[in-house]
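# What the coordinates show
Spelled out from the first residue to the last, the chains are:
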Amino acid sequence: MIIQLSDVYIPKELLHREKQLNEIRNVFLNFKKFKCGTNLAIFGVTGSGKTTLVKKVIEEEDNSIYLTCSETITTHKTIKSIFNLRCQTHEEVLRLTIKKLKENPKIIIIDEIDKIKDINNLFNDLNTIYRNTMLPIIIITLKRNILKSMPVDARKTLFFERLRLPSYNANELRDILDSRLEQIEMELPPFEEGVRNYLSAISASNGSARTLIYMTLKCIQKGNFNQEFIDEVYKEMMKEDWFQFMDDLSETEKEFLKSLLDYCDWENETYSEVLQKKLGFSQSRVSQILNVFEKYAIIETHHKNMGRYGGRKRIIKFASEEIYNQLEGRI
C-alpha cells in the first residue's frame, strides 16, 4: 500500500490550507487556555481537506475526542461512542457522558454528522452536553444548510462559527500531487508533465484532492497513464458523488427538481416563471435554487428576450441526457 496516496495519510504540510488550519488550531488553543471555547462547523465538498485538517491538529494536541457518524449512524450510538458506554437507557448514557466530560474535559469532534438519521435528536443532545459542560464542539459536514435545519433552541445555544473550505483549483491540486509523489520512497513509474497536469485539471472540476489522489493511485496500480483511462476512472467516481449529492438535497430542492421534470425533458426547455407559479416560490428563491443546480452542472440556463410583451426570461434545460435519466430514477 502506498500510504501517501490513501485517505489515512496526514501530510507533514497541508498545502493551501494555512488559514483554515490556524482557525481550527485556535479552538484547541483557546480550550487549553480557558477550558472552554468556540463551537465550530466545518463545511466543504468531498476532498477539500476537512477531516485531514482536523486530524492534523489532533496529532498536535491531545485534548479531544474524535468520532465519525459513518460508523454510528444514530444519535444513541454516537453519544454512547464518546466514552464507549454501556447503559440501559439513552438518558443514562447522556447523564454519564456529561459526568465524564466534567471530570476529564475534552473537545468533542463529530465527523460526517450528515450521516446521522435522527440528526435533530443529536443536535438536541449536543445542546444538553454543551449547556452542562461548555466544552467546544466541532462538527464536520458536506451539507451546506445543515445549521439552518437545527432545532431553534440548539442553534441559539451552540451558535456554531462557520469555517468553509473552498474547492481546490488546478494549480493547487498540482502542488498537492507533486508533494505527495515526492514523499513516496518506493520507485514509481515516471509521471510526465502532461499526465500530472491532466490529473490536476480533471480533478479541479470538482475541486477534490481525494479525486486527484485516488486517480493517481489507480494509474500506478494499473500502470496506465492514458487520458482515456483517467477519464474512465473519473467517470466512475462522479457516479458515486452524484448519489451523495442527491441524498444531500433538501426537501425544497427535491420538490423543485420534481417540478422541473414535469415541465421539460432532456430535449425540451422551460423557463423560471413556470416553476415559480407552480411552486409558489418567490422569484429570488427560484433564482437561488437555479444557481445551486447550475453550479453543480445539473442544469444549464440562459436569458432570452421574448419580445415586447413576453419580456426577458430565464430559460432552463438539463445539462445532459444522462443527468435527466438519473434524476428520473431517483427523484
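Just so we're clear, the structure is a prediction, and the values are computed from it rather than from any experiment.

Conventions adopted
- Residues numbered from 1 in each chain as written.
- Predicted model: local features only at pLDDT ≥ 70, side-chain atom pairs only at ≥ 80, totals over all residues.
- Heavy atoms only, no water.
- Pairing = 2+ DSSP bridges.
- Helix = DSSP H or I, 4+ residues; strand = E, 2+ residues; numbered from the N terminus.
- Axes fitted to C-alpha atoms, helices over the stretch in contact; angles between N-to-C directions.
- Contact = heavy atoms within 4.5 Å.
- Buried < 20%, exposed > 50% of the residue type's maximum accessible area, 1.4 Å probe, protein only.
- Salt bridge = Lys/Arg side-chain N within 4 Å of Asp/Glu carboxyl O.

### Focus: the sheet that holds strand E2 (residues 64–68)
- Strands sit in the order E2-E3-E4-E1-E5 across an open sheet of five strands; the sheet is parallel. Strands with a single pairing partner mark the edges of an open sheet, and in this sheet they are E2 and strand E5 (161–164). When the angles between neighbouring strand axes are averaged without regard to direction, this sheet yields 15°.
- Sheet analysis places strand E1 (residues 40–43) next to E5, joined by four bridges and oriented parallel. Within E5, the position partnered with Leu40 by the bridge is Glu161.

### Structural notes on the sheet that holds strand E6 (residues 270–271)
- Read from one edge of the open sheet, three strands run E6-E8-E7, paired in antiparallel fashion. The open sheet terminates on both sides in strands that have one partner only, identified here as E6 and strand E7 (299–305).
- As paired elements, E6 and strand E8 (residues 312–318) share two bridges and run antiparallel to each other. In the strand pairing of E8, Thr270 is matched with Ile316.
- Contacts from helix H12 (residues 251–263) reach E6, E7 and E8, with the element oriented near 90° to E8.

### Here's the deal with the environment of Arg162
- Relative to the helices and strands, Arg162 resides in strand E5.
- Of the residues examined, Arg162 reaches a relative accessible area of 47% and is grouped as partly exposed.
- Once the C-alpha coordinates of Arg162 and Ala201 are considered, the two residues, 39 residues apart in sequence, prove to be 29 Å apart.
- Contacts of Arg162, omitting those with residues within four sequence positions, involve Ala41, Phe43 and Leu147.

### Describing the environment of Glu253
- Relative to the assigned elements, Glu253 resides in helix H12.
- Between the C-alpha atom of Glu253 and that of Leu327, which follows or precedes it by 74 residues, the distance is 12 Å.
- Aside from chain neighbours lying at most four places away, what touches Glu253 is Arg144, Val292 and Phe293.

### Quick look at the pattern of salt bridges
- Inspection of the entire model under this criterion finds 10 salt bridges.
- Close ionic contact of Lys99 with Glu103 constitutes a salt bridge, the shortest N to O distance being 2.8 Å. One end of the pair, Lys99, and the other, Glu103, are both in helix H5 (residues 90–103), four residues apart, so they sit about a helical turn from each other.
- Its relative accessible area of 43% is what places Lys99 among the partly exposed residues.
- For Asp178, the salt bridge goes to Arg174, with nearest N and O atoms at 3.0 Å. In this pair, Asp178 and Arg174 are both assigned in helix H8 (residues 170–183), four residues apart and thus about one turn of the helix distant.
- For Asp178, a relative accessible area of 17% corresponds to the buried category.
- Taking the relative accessible area as the measure of exposure, Arg174 reaches 13% and is therefore buried.
- Ionic contacts of the salt-bridge type, sharing partners, join the residues Arg174, Asp178, Glu193 and Arg196 into one network.

### What to know about the pairing of E8
- Extensive coverage of E8 is indicated by the burial of five of its seven residues.
- Connecting the antiparallel pair E7 and E8 is a turn made up of six residues, with Gly307 showing a positive phi of about 100°.

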